[in-house]
Amino acid sequence: MHVLGLSFFYHDSAAAIVKDGVLLAAAAEERFSRLKHDHGFPALAVEFCLREAGVTAADLDYVVFYEKPFVKFERILLSALQTFPRSWKVFRESMLTWLTDKLWVKDLIRERLKVERKRILFADHHMSHAASAFYCSPFEEAAILTVDGAGEWSTATMGVGKGSTIRIDREMRFPHSVGLLYSAFTAFCGFEVNEGEYKLMGMAPYGKPRYVDKVKEVVKIAGDGSIWHDMSYFSYHWSPDSTLSRKFTDLFGPVRDLAQVDKTLDPYYADVAASIQAVTEEILIAMANHLHRETGLKRLAMAGGCALNCVANDKIRRATPFKEIYVQPAAGDDGGAVGAALWATHALLGQPRRFVMEHAYWGKEYGEDAILDFLKREGIPHVRCASDEQAIDRAVDTLLKGEVIGWYDGRFEWGPRALGARSILGDPRRAEMKDVVNAKIKFREAFRPFAPSVLVENAHEYFDL
Ligand SMILES: [Fe+2]
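What you see is a predicted model, and the numbers here were worked out from it, not measured in a lab.

A. A negative patch on the surface, seen in detail. Taken together, E365, D388, E389, D393, D397 and D409 make up a surface patch of like negative charges. Structurally, D397 is set in helix 15 (residues 388-400).

Here it is in structure tokens:
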């Protein structure tokens, strides 16, 4: 049985194909279209998935979309109506895009893939996240935590997975949202929402959490980790193009000047970043602790955009009684494609689980001939190494000379992190390498972190594990 999962029309469109409960391929559309966060119909990712599985769209048993467009539209419409007439712009924009495109996802899928309507299914947004976390995890039973900006109504859920079933017990609802809170501060620190969140996380360690009390004027946190935003500080619920209200900038000062963003690290904004990061960690730890109290389970599976906050994940590991934590590598909405396909396979169709996602290499691989053809066609100077050893020796020599390498090997990664299949490598022992690499990548800010690659047997020498 082949099930295709799809996520699109928000950000990070993706497709994933599952055969009898086993994932065969998964890819974000941006990897093919080369448009960062491509949100259109993932035609190229679908084409890749079908080819990888050796099937055509006609062979698909089900196509599953990662959220329910009508419920999401209801949320957007009701939220806009509550704040009307201030929200008239959101209202107008929503009407235009939703009534022409987004509501008719089923028709679009039917038209693009030529599959019958009865084979097209819809999963809840947070169920897709929960399924992507639990069904990919090695756990037979686990607590599940999903936290993101917003799905249909949910912005966070807590539940339990057991065998083929997932039960969602609690949810937090729009507009109260850890993801949207973090995005609001992302915007305040001069970064693009839905893109710059990891930059904010990277900036946080350069500051001190001096403004935690101020952040807590904007958001109240309960003992179970549920939060309540004072909406007078925000505008995302009524404005299509701004996140923060005047009251927010009265409290925190002006939004960081975009013109300055790539050049300097203003200590004030670094302190604000450290403060929102600290509050986010506090919320997520409270949520995880509550979930542990409620379920008594030792294992935790996490997804949703906030699960990409690896600094917070480490704090959860240290500060909660959970013994093992699994985070699905594409924790954001791209991962919803895998979750939707696995949800249909297990929760809906009752098939037993047969798969654990043990790595993130689910994308396309290009063979040596294809690579050689490309290099020749583009007139790129190249040398063909006789063996892998030779290629590695050459790479090591290059790194030792202080040069930077683009490393390209095998299937590309699923999720936003470069994990050695498509990575930029430099010698970390040279202090100047940070600036050399930053200078080579356009618009890369000086404070952005680097990921160290270390042999697993040496990891304890470098990390406090
Ligand atoms: Fe999401």
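B. Layout of the sheet that holds strand 8 (residues 165-173). The strand order across the open sheet built from five strands is 8-7-6-11-12, with neighbouring strands paired in mixed fashion. The strands lining the two open edges of the sheet, one partner per strand, are strand 8 and strand 12 (324-327). Strand-to-strand twist in this sheet, taken as the mean axis angle between neighbours without regard to direction, amounts to 20°. Across seven bridges, the pairing between strand 6 (residues 141-147) and strand 7 (residues 154-162) is antiparallel. Across the sheet, residue I144 finds its bridge partner in strand 7, namely G159. Against the sheet, helix 6 (residues 125-134) engages strand 6, strand 7, strand 8, strand 11 (299-303) and strand 12, with an angle of about 135° to strand 6. Seen against the sheet, helix 11 (residues 267-295) touches strand 6, strand 7, strand 8 and strand 11 and runs at an angle of roughly 150° to strand 6.

C. Highlighting the pattern of salt bridges. Tallied over the entire structure, the rule returns 25 salt bridges. We note a salt bridge from D124 to K68, for which the minimum N-O separation is 3.7 Å. Linking D124 in the loop between strand 5 (120-122) and helix 6 with K68 in the loop between strand 4 (62-65) and helix 3 (69-82), this pair joins segments that are 56 residues apart in sequence. Given a relative accessible area of 35%, D124 falls into the partly exposed group. With its nearest N and O atoms 3.9 Å apart, the salt bridge here joins R110 to D107. A residue pair is termed a helical-turn pair when its members lie 3 or 4 positions apart in one helix, as R110 and D107 do in helix 5 (residues 105-113) at three residues. Under the relative-accessibility criterion, R110 is labelled partly exposed at 35%. Taken together, the shared-partner salt bridges in this structure form one network comprising D314, R317, R318 and D464.

D. How the structure looks around the packing of helix 7 (residues 178-188) against helix 11. Put simply, helix 7 and helix 11 touch, their axes get as near as 10 Å, and they point 175° apart. On the basis of the axis angle, helix 7 is roughly antiparallel to helix 11. Taken together, the residues of helix 11 that come into contact with helix 7 (itself represented by V178, L181, Y182, F185 and F188) are Y268, Y269, V272, I276, Q277, T280, I283 and M287. Residue classes in the contact of helix 7 with helix 11 are distributed as eleven nonpolar, two polar and no charged.

E. Structural detail: the environment of A303. One can find A303 in strand 11. Along the chain, A303 and A143 lie 160 residues apart, while their C-alpha atoms are 12 Å from each other. Each residue touching A303, except ones within four places of it in the same chain, is listed here: H129, S132, A133, L145, T146, V147 and A331.

F. Highlighting helix 3. When the terminal C-alpha atoms of helix 3 are compared, their 20 Å separation across 14 residues agrees well with the 20 Å that a helix rising 1.5 Å per residue should span. Within helix 3, the full set of buried residues consists of P69, K72, F73, R75, I76, S79 and A80. What you see down the axis of helix 3 is that its buried residues fit within an arc of 155°, all on one side.

G. Up close: the coordination of the iron ion. Distances from the iron ion to its protein donors, H125 (NE2), H129 (NE2), D148 (OD) and D333 (OD), fall at 2.1 to 2.3 Å. In this structure, the iron ion is surrounded by four donor atoms whose angles at the metal cover 89 to 170°, and the resulting shape is irregular. All donors to the iron ion come from one chain, and their sequence spacing reads H-x3-H-x18-D-x184-D. Taken together, the positions of H125 in helix 6 and D333 in the loop between strand 12 and helix 13 (336-348) put the pair 208 residues apart, joining distant regions of the chain. Accessibility classification places H125 together with D333 in one group, the buried group.

H. Main features of the sheet that holds strand 4. An order of 3-2-1-4-5 is seen for the five strands of this open sheet, with the pairing classed as mixed. Every other strand in the sheet has two partners, leaving strand 3 (22-28) and strand 5 as the edge strands with one partner each. Mean inter-strand twist for the sheet, computed between neighbouring axes without regard to direction, equals 20°. With four bridges joining them, strand 1 (residues 2-7) and strand 4 adopt parallel strand pairing. Looking at strand 4, one finds that L4 is bridged to V63. Each of strand 1, strand 4 and strand 5 touches helix 5; the most contacted strand, strand 5, lies at about 145° to it.

Parameters and conventions
Residues numbered from 1 in each chain as written. Predicted model: local features only at pLDDT ≥ 70, side-chain atom pairs only at ≥ 80, totals over all residues. Heavy atoms only, no water. Patch = residues over 30% accessible without salt bridge, like charges linked within 9 Å, V, L, I, M, F, W, Y side chains within 5 Å. Areas by Shrake-Rupley, 256 points an atom, 1.4 Å probe, with all protein chains shown as cover. Salt bridge = Lys/Arg side-chain N within 4 Å of Asp/Glu carboxyl O. Lys, Arg positive; Asp, Glu negative; His and termini not counted. Charge placed at Lys NZ, Arg CZ, Asp CG, Glu CD. Helix = DSSP H or I, 4+ residues; strand = E, 2+ residues; numbered from the N terminus. Pairing = 2+ DSSP bridges. Axes fitted to C-alpha atoms, helices over the stretch in contact; angles between N-to-C directions. Contact = heavy atoms within 4.5 Å. Buried < 20%, exposed > 50% of the residue type's maximum accessible area, 1.4 Å probe, protein only. Parallel < 35°, antiparallel > 145°, perpendicular 65-115°, else oblique. Nonpolar A, V, L, I, M, F, W, Y, C, P; charged D, E, K, R; others polar. Expected span 1.5 Å × (residues − 1). Arc of directions from axis to C-beta. Donors = N, O, S within 2.8 Å, 3.2 Å for Na, K, Ca; no water. Tetrahedral: all angles 85-135°; square planar, octahedral: opposite > 155°, others 65-115°.

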